[in-house]
Amino acid sequence: MYSLTVYTTPDCMQCTMTCRRLEKAGLTYRTIDVSADPAARSYVTEELGYTRAPVVIVDQDEANHWSGFRPDLIAALSRLNTTDASNTTITGKGGGHHV
């Protein structure tokens, strides 16, 4: 089972769509609002280099993350969630809401 963290901002449609798709895929996640958490915002923008939300981190692994609404990557995670995917990396950058 994956541990997912979704970094969001208020009024972010892609954030809402990502969370809905994760729920539909049966994947559990936690959300962190980067507008209310300066440390999280710094992590997403300075350490990971993203400027748009949502940012999805898989298993708190800096090599396993993406930005934007990515139904393709969510579907891949859902498929892999039923197998042993401990050594699988899923990455991708996309558009989103400014963080």
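Residues numbered from 1 in each chain as written. Predicted model: local features only at pLDDT ≥ 70, side-chain atom pairs only at ≥ 80, totals over all residues. Heavy atoms only, no water.

Attention shifts here to the overall build of the protein. Secondary structure assignment for the protein yields three helices and six strands. Its helices and strands in sequence order give the protein the pattern β-α-β-α-β-β-β-α-β, from N to C terminus. Within the protein, buried positions represent 41% of all 99 residues. For the protein, the accessible area works out to roughly 5,300 Å², and carbon and sulfur atoms hold 48% of it. (Helix = DSSP H or I, 4+ residues; strand = E, 2+ residues; numbered from the N terminus. Buried < 20%, exposed > 50% of the residue type's maximum accessible area, 1.4 Å probe, protein only. Areas by Shrake-Rupley, 256 points an atom, 1.4 Å probe, with all protein chains shown as cover.)

Among all positions in helix α2 (residues 38-47), only A40, Y43 and V44 are buried. One side of α2 holds all its buried residues, which, seen down the axis, span an arc of 90 degrees. Opposite the buried face of α2, by more than 90 degrees, sit the exposed residues P38, A39 and E46. The inward-facing, buried residues of α2 contact β1 (4-8), β2 (29-33) and β4 (55-58). Of the residues that open α2, the one with a side-chain oxygen 3.2 Å from the backbone nitrogen of A39 is D37. Just downstream of α2, G49 is the residue with a positive phi angle, here 85 degrees. (Arc of directions from axis to C-beta. Contact = heavy atoms within 4.5 Å. Polar contact = N/O pair within 3.5 Å; in protein donor to acceptor, adjacent residues only side chain to side chain.)

Another point: helix α3 (residues 71-80). Each α-helix turn comprises 3.6 residues. Residues three or four places apart therefore point the same way. Taken as a whole, α3 has its buried residues at L73, I74, A76 and L77. Down the axis, α3 shows its buried residues gathered within 160 degrees of arc, on one side only. Of the surrounding elements, those touching the buried residues of α3 are β1, α1 (13-24), β4 and β5 (65-67).

A few words now on the side chain of T8. Structurally, T8 can be placed in strand β1. Accessibility expressed as a relative area gives 11% for T8, which makes it buried. Those residues in contact with T8 that sit more than four places away from it in its chain are C15, T31, I32, D33, V34, S35 and A53.

Our focus in this paragraph is the environment of Q14. Within the fold, Q14 resides in helix α1. Given the relative accessible area of 26%, Q14 is considered partly exposed. Remark: the alpha-carbon pair of Q14 and G68, spanning 54 residues in sequence, is separated by 6.3 Å.

Look at the link from A53 to P54: it is a cis peptide, with omega at 0 degrees. Along the chain, P54 turns up in the loop between β3 (52-53) and β4. The backbone of D11 shows a phi angle near 55 degrees, a positive value even though the residue is not glycine. One can find D11 in the loop between β1 and α1. Of the residues examined, D11 reaches a relative accessible area of 75% and is grouped as exposed.

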